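Chains, contacts and geometry: an overview
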Amino acid sequence: MYELTIYNNDILYYPSVIGNVTWETERSGSPGTLKFEVYQDGNLDFEEGNEVRFIDNSDRIFFGYVFTKKRSSDNTISVTAYDQLRYFKNKDTYSYSKKSTSELLKMLAKDFYLRTGDIDDTVYKMSRVEDNTTLFDMVINSMDETLKAKKKIYVLYDDFGKLNLKNISNMVVPIEIDPSSGESFEYSTSIDSNTYNKIKLVHEDDTTKKRTVYVDEDIDSINQYGVLLYYETIQDETLVKQKASALLELYNSTSKDFSVSNCFGDNRVRAGSRICVRLAIDNVKFKGWMLVDKVTHTYSKDSHFMDLKLRGVDFNS
């Protein structure tokens with residue numbers, strides 16, 4: 001049984017919810033979203049910016065703020081609330097030196113008065129200039145650089161009112177999903193995006209303007225798929241050969257995507273979680289860990305289902 005509350009002017013409301021409540025999270029670039037519809041009984045009084053809490057069977061699911069109210073003639077109000085990550089849509093300009101993603105996140109949270117929780121130490125430090133860039137993109141750019149250098153994927157999310165940054169290895173949910181888990185499913189593999197078998201890094205000396213090219217490639221993969229080239233100009237020549245090798249390892253694989261609708265709900269599953277998937281379709285057999293790219297939980301008074309979009313946990317995910 002779930003509980004939804006709205007807090008306004010020191011008054012805690014328990015509104016009459018009509019229909020379902022949906023909670024949606026995405027792995028990158030979007031805040032957590034809670035959508036619901038309530039009945040205006042004449043006593044309910046709330047406005048944009050008010051706090052919203054959603055708890056399901058004692059599990060603390062969502063803490064955020066009302067952003068949109070849509071009123072109807074039948075005395076119903078459709079509400080959209082977002083968690084703290086909504087404020088990462090703000091744009092600003094930053095120049096920072098030798099900061100890790102975790103240090104960057106703490107700095108941004110302090111500047112924008114946001115609360116933080118568990119933040120893993122991402123270790124790898126970098127210097128960047130971000131001009132008129134969303135806070136989301138600043139953190140994503142930093143995480144991308146960390147991924148390329150350290151081959152580690154991190155996920156930024158809001159956990160009931162506190163910003164967390166976690167390595168996906170710390171976000172395992174011990175459940176197994178297969179095609180029978182939901183009403184419908186899709187599984188696809190592709191080399192059309194984020195798959196590269198040849199890496200070319202180019203460095204230009206600021207003084208002499210001499211250009212140096214570094215290449216790493218997988219001949220067997222090129223013979224199979226043709227040349228799929230990753231090209232990047234780099235400012236720092238330090239460890240460039242190591243970076244080229246790391247990028248080839250990151251991106252030289254086929255991407256895998258799996259989605260399932262109306263699967264049994266589990267409150268532990270959020271975008272960034274890792275869950276086990278088992279498939280046996282025609283000549284395709286697969287069992288392994290996949291990364292939750294997006295999940296939409298749907299709650300009613302007596303049921304809980306979720307729609308999942310998953311990706312392979314290869315680093316090109």
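Reference entry: report on the structure contained in this document. Values in this document were obtained by computation on a predicted structure and should not be read as measured data.

1. Comments concerning the sheet that holds strand E17 (residues 229-234)
The three strands are arranged E16-E15-E17 in an open sheet whose pairing can be described as mixed. Looking at which strands have only one partner, the edges of the open sheet turn out to be strand E16 (211-217) and E17. Strand-to-strand twist across the sheet, computed as the mean angle between neighbouring axes with direction ignored, equals 15 degrees. Sheet analysis places strand E15 (residues 198-204) next to E17, joined by six bridges and oriented parallel. Note that in E17 the partner of Val-202 across the bridge is Thr-233. Contacting E15, E16 and E17, helix H4 (residues 240-251) crosses the sheet at an angle of about 150 degrees to E15.

2. Some details on helix H1 (residues 101-111)
Among the residues of H1, Thr-101, Ser-102, Leu-104, Leu-105, Leu-108 and Ala-109 are the ones counted as buried. Mapping the buried residues of H1 onto a view down its axis gives an arc of 160 degrees, with all of them on the same face. Next to the buried residues of H1 lie strand E8 (91-100), strand E9 (116-119), strand E10 (125-134), helix H2 (135-150), strand E11 (154-158) and strand E12 (163-167). Positive phi shows up at Tyr-113, right after H1, with a value of about 60 degrees.

3. Focus: the packing of H2 against H4
Helix packing geometry: the angle between the two helix axes and the distance between the axes. Where H2 contacts H4, the two axes come as close as 7 Å, and the packing angle between them is 100 degrees. In this view, H2 runs roughly perpendicular relative to H4, as classed from their interaxial angle. Judged by residue contacts, Glu-145, Leu-147 and Lys-148 of H2 engage Lys-243, Ala-246, Leu-247, Leu-250 and Tyr-251 from H4.

4. Structural notes on the sheet that holds E11
With mixed pairing, three strands are arranged side by side in an open sheet as E9-E12-E11. The open sheet is flanked by E9 and E11, the only strands paired with a single partner. Strand after strand, the sheet turns through a mean of 15 degrees between neighbouring axes, direction not considered. Packing against the sheet, H1 makes contact with E9, E11 and E12, and its axis sits at approximately 175 degrees to E12.

5. Topic: the pattern of salt bridges
All chains considered together, the criterion is met by 18 salt bridges. Of the charged contacts in the structure, one is a salt bridge between Glu-249 and Lys-151, with a shortest N-O distance of 2.8 Å. Of the two residues, Glu-249 is situated in helix H4 and Lys-151 in the loop between H2 and E11; the sequence distance between them amounts to 98 residues. Residues participating in the shared-partner salt-bridge network are Glu-145, Lys-148, Glu-232 and Lys-243.

6. Section: unusual backbone geometry
In the Ramachandran plot, Ser-58 falls in the positive-phi region, its phi being about 75 degrees despite a non-glycine side chain. Tracing the backbone shows Ser-58 in the loop between strand E5 (51-56) and strand E6 (59-71). Under the relative-accessibility criterion, Ser-58 is labelled exposed at 65%. Positive phi, close to 55 degrees, is recorded for Asn-262, a residue that is not glycine. With respect to the helices, strands and loops of the structure, Asn-262 is situated in strand E18 (residues 255-264).

7. Observations regarding the packing of H1 against H2
Closest axis-to-axis distance for the H1/H2 pair is 9 Å, and the angle between their directions is 170 degrees. Viewed along their axes, H1 and H2 adopt a mutual orientation that is roughly antiparallel. Considering only the axes of H1 and H2, their crossing is right-handed. Residues Thr-101, Leu-104 and Leu-108 of H1 form the contact with H2, whose own contacting residues are Leu-135, Met-138, Val-139, Ser-142, Met-143 and Thr-146. Its residues assigned to classes, the contact of H1 with H2 comprises six nonpolar, three polar and no charged.

8. Things to note about the environment of Leu-108
Here Leu-108 lies in helix H1. Separated by 133 residues in the primary sequence, Leu-108 and Lys-241 have C-alpha atoms spaced 33 Å apart. Residues within four places of Leu-108 in sequence aside, it is in contact with Phe-88, Tyr-94, Leu-135, Met-138 and Val-139.

Reading the values: rules and limits
Residues numbered from 1 in each chain as written. Predicted model: local features only at pLDDT ≥ 70, side-chain atom pairs only at ≥ 80, totals over all residues. Heavy atoms only, no water. Pairing = 2+ DSSP bridges. Helix = DSSP H or I, 4+ residues; strand = E, 2+ residues; numbered from the N terminus. Axes fitted to C-alpha atoms, helices over the stretch in contact; angles between N-to-C directions. Contact = heavy atoms within 4.5 Å. Buried < 20%, exposed > 50% of the residue type's maximum accessible area, 1.4 Å probe, protein only. Arc of directions from axis to C-beta. Parallel < 35°, antiparallel > 145°, perpendicular 65-115°, else oblique. Salt bridge = Lys/Arg side-chain N within 4 Å of Asp/Glu carboxyl O. Left-handed = near helix turned anticlockwise from the far one by under 90°. Nonpolar A, V, L, I, M, F, W, Y, C, P; charged D, E, K, R; others polar.

Shape descriptors only; they carry no functional weight alone.
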